[in-house]
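Structural characterization, general
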Amino acid sequence: MLLIWNRPGFVDGMSEQDRAALFGEVDEIMRELTASGELVGGQALADPSQTRTARLAGGRVEVTDGPFMESKEQFAGYLTVDCESIERAAEIAAGWPDVVRGFGVLEVRPIMDEAGAEM
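Not measured: the values here are computed from a predicted model.

As for helix H2 (residues 86-94)
- When we look at burial in H2, the residues that qualify are Ala 89, Ile 92 and Ala 93. One side of H2 holds all its buried residues, which, seen down the axis, span an arc of 100°. In H2, those exposed residues whose orientation departs by more than 90 degrees from the buried face are Glu 87 and Glu 91.
- Residues of H2 that are buried in the fold lie against strand S1 (2-6), helix H1 (16-36), strand S5 (74-81), helix H3 (97-100) and strand S6 (104-108).

Structure representation (structure tokens):
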């Protein structure tokens, strides 16, 4: 799984031309992954302001507004890919426009099988 982390609202400061170029690059990668059969799925996430976090505090579970972590980057979405190796998944992540342009990072993490033997 490729976990996409970027700065919320980073596209707001981009020109329309730069935004179109960025989204065009993402579309191209998605077409390539679809054509190669590596794309399993993926989804963007809503803005962090729509997030709720549940955590134990003082012996009680509290639900608060916002994401769990204080960070410049927030979890923005994910891609699930079926690759021959983690190196191939890392190659895809290294070419992602948010990474190449310095707007965010992609975390590459294998998905556990149902037996959970990877733990």
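A closer look at the packing of aromatic side chains
- Inspection of the entire model under this criterion finds 2 aromatic pairs.
- Measuring from ring centre to ring centre gives 5.5 Å for Trp 5 and Phe 75, while their planes differ by 40°; the resulting arrangement is tilted. With a gap of 70 residues between them, Trp 5 in strand S1 and Phe 75 in strand S5 connect regions that are remote in the sequence.
- A relative accessible area of 19% means that Trp 5 is categorised as buried.

Points about the nonpolar core
- Grouped together as the largest cluster of nonpolar side chains are 13 residues, with contacts concentrated most on Leu 2, Ile 4, Leu 33, Leu 79, Val 81, Trp 96 and Leu 106.
- If near-sequence neighbours (up to four positions away) are discounted, Leu 106 is found in contact with Leu 2, Leu 3, Ile 4, Ala 93, Trp 96 and Val 99.
- Grouped together as the second largest cluster of nonpolar side chains are 5 residues, Phe 10, Val 11, Leu 22 and Phe 103 included.

As for the pattern of salt bridges
- The full count for this structure, using the stated rule, is 6 salt bridges.
- Arg 31 is paired through a salt bridge with Glu 28; the nearest N and O atoms lie 2.9 Å apart. Of this pair, Arg 31 and Glu 28 both sit in helix H1, separated by 3 residues, roughly a single helical turn.
- We classify Arg 31 as partly exposed; its relative accessible area is 49%.
- The closest approach of N and O atoms between Arg 88 and Glu 91, which form a salt bridge, is 3.0 Å.

Describing the sheet that holds strand S2 (residues 39-44)
- Taken together, 4 strands build an open sheet; the order of strands is S2-S5-S1-S6 and the sheet is antiparallel. If you trace the sheet from one side to the other, it starts and ends with S2 and S6, each paired once. Shown here is a sheet whose adjacent strand axes are inclined to one another by a mean of 20°, direction ignored.
- In terms of strand pairing, S2 meets S5 through 5 bridges, oriented antiparallel. Its bridge partner lying in S5, Ala 44 is registered against Gly 77.
- Packing against the sheet, H2 makes contact with S1, S5 and S6, and its axis sits at approximately 170° to S6.

What counts, and where the lines are drawn
The residue numbering used here restarts from 1 in each chain and proceeds along that chain's sequence as written. Thresholds applied to this predicted model are a pLDDT of at least 70 for local features of residues and 80 or more for the giving and counting of side-chain atom pairs; totals over whole chains, interfaces and linings are not thresholded and use all residues. Excluding hydrogens and water, the side-chain figures rest on all heavy atoms present in the structure. Summary of the burial criterion: residues with accessible area below 20% of their type's maximum are buried, those above 50% are exposed, and those between are partly exposed, where the area comes from a 1.4 Å probe applied to protein chains only. Strands are runs of DSSP state E lasting at least two residues, helices are runs of H or I lasting at least four, and both sets are numbered from the N terminus onward. When we speak of the arc, we mean the arc of directions from the helix axis to the C-beta atoms. Between two residues, a contact is recorded if the distance between any of their heavy atoms is within 4.5 Å. In summary, the pairing rule links any two rings of Phe, Tyr or Trp, Trp by its six-membered ring, whose centres are within 6.5 Å, and it sorts them by plane angle into stacked for under 30 degrees, edge-to-face for over 60 and tilted for everything else. In this text, buried Ala, Val, Leu, Ile, Met, Phe, Trp, Tyr and Cys residues form a nonpolar core when linked through side-chain atoms within 4.5 Å. Criterion for a salt bridge: a side-chain nitrogen of Lys or Arg within 4 Å of a carboxyl oxygen of Asp or Glu. Paired strands, as defined in this entry, are two strands with at least two bridges between them according to DSSP. To define axes, lines are fitted to C-alpha atoms, for helices over the stretch in contact only, and angles between the resulting N-to-C directions are given on a 0 to 180 degree scale.

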